[in-house]
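Residues per chain, in single letters:
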Amino acid sequence: MQQTRSNSLSALALQRFRKNFWGVLSFWFIISCGVIAVFAYIFAPDDSRNANQMHLSIHSKKPGFSVKMLTIPSKIVTDQLYLDKLFFGKKSMDTEIPIEKYKFMDSVLSVTPYTEGELIGVSKNIALSNFPDNSTKEQIETQYIKQRKFILGTDKYGRDMLSRMLVGIRISFSIGFVAVLISLLLGITLGAMAGYFGGKVDIIIMWLINVTWSIPTLLLVIAITLALGKGFWQVFIAVGLTMWVEVARVVRGQVISVKQMQYITAAKTLGYTHFRIVTKHILPNSLAPVIVIAAANFAGAILIESGLSFLGIGAQPPMASWGAMIKDHYSYIILGKAYLAIIPGLGIMSMVMAFMLIGNALRDAFDVKQ
């Protein structure tokens, strides 16, 4: 009977959620970002590892900038598995040179590197032997000299902004997923123990919750990060260890309310173990508010990681991170190139807003008063 009622409430909540335009739109936006995060190097124009191909001669170019790009293939052969290349980028040893013009002369390729303003680039001769054997001039022209367009422009190191943005989605998604997973595991476990057993167990866990809550989140994350060391996974763990408190408080309150129900008393009378009562009967009927909190925590984790990367203790270079991209370019706001900081800022804002909107939609869907 209880299971049937739970299923019907879930179906009703799903029906309400489908009617929420912003919730559904945010859901599909998040799914799209998730797909991009997994297959970032397929969508990114620069598929080198961390989208870190630098071209200093074309730094800080506006969106839509286009230039001829000469690729000189490396003679060093790197063995790389297809899946490694697919998910972590290509280990590229090739040399890319932005050029203005070129011409073939006997056994060399004469190119004029791209220069900015009134400066005239000094011609440079590249031996045709640098290209694969038996490559004709036509093959070199079609395979190794291509017009490259930078849809979102380039950063101060001449890297493709679009590629960095796409790869940066992976950082935001990863930090949100891992941090929320850690917070749910800790919060649900401790909150359920405090609410179900009460007494001294409740006092000790509530004391731990209050102490953790009294410390500013960013300060606690910085302390944990410094203790664990700078790095990718250290940030994930640090953020997750600071976000379990709210989950624990909500779960505790829900468990205290649900354990007074008659079906819980009946389960105790039948001799069921505490573990079975909590996992099979109490938690399934207590997790609706937790789902809403998890969505908000996902957004919060993205903001915290961006803040840490901005401070220089988050994801480390050359790893693409939206917060680090803002840090590298915030000074360009007064130099007339504000888009270099605005583009990653819009990425953070859109991702956080999507999770907040889906959290509000879930809250309305699970509202039994409607």
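The structure under discussion appears in the preceding block.
Every value quoted in this text rests on a predicted model; they were computed, and no experiment measured them. (Residues numbered from 1 in each chain as written. Predicted model: local features only at pLDDT ≥ 70, side-chain atom pairs only at ≥ 80, totals over all residues. Heavy atoms only, no water.)

Caption draft 1: Structural view of the nonpolar core. In this structure, Ile169, Phe173, Trp322, Met351 and Phe355 are the most contacted members of the largest nonpolar core, which totals 31 residues. Contributions of two or more residues to this core are made by helix H1 (2-18), helix H2 (21-38), helix H6 (161-197), helix H13 (288-311), helix H14 (322-329) and helix H15 (339-365). With 12 residues, H15 is the single largest residue contributor to this core. Sequence-distant contacts of phenylalanine 355, that is, excluding residues within four places in its chain, are made with Ile30, Ala295, Phe298, Ala299 and Ile302. Among the nonpolar cores identified, the runner-up in size contains 16 residues, and Ile175, Ile224, Val235 and Met243 belong to it. (Core = buried A, V, L, I, M, F, W, Y, C linked by side-chain atoms within 4.5 Å. Buried < 20%, exposed > 50% of the residue type's maximum accessible area, 1.4 Å probe, protein only. Helix = DSSP H or I, 4+ residues; strand = E, 2+ residues; numbered from the N terminus. Contact = heavy atoms within 4.5 Å.)

Caption draft 2: Local environment of the environment of serine 306. Inspection of the secondary structure puts serine 306 in helix H13. Among the residues examined, serine 306 registers a relative accessible area of 7% and is labelled buried. Apart from the residues within four sequence positions on either side, serine 306 is in contact with Gly323 and Ile348. Within the structure, the side chain of serine 306 is placed 2.9 Å from the backbone oxygen of isoleucine 302, a separation counted as a polar contact. (Polar contact = N/O pair within 3.5 Å; in protein donor to acceptor, adjacent residues only side chain to side chain.)

Caption draft 3: Quick peek at the packing of aromatic side chains. The tally for this structure, following the rule as stated, stands at 12 aromatic pairs. Considering the side-chain rings of phenylalanine 27 and tryptophan 28, the 5.2 Å spacing of their centres and the 75° angle between planes classify their relative orientation as edge-to-face. Arranged with centres 6.2 Å apart and planes meeting at 85°, the rings of tyrosine 102 and phenylalanine 104 form a pair that is edge-to-face. A relative accessible area of 21% places phenylalanine 104 in the partly exposed class. One aromatic cluster is present, formed by Phe65, Tyr114 and Phe150 through successive ring pairs. (Phe/Tyr/Trp six-rings, centres within 6.5 Å; stacked < 30°, edge-to-face > 60°.)

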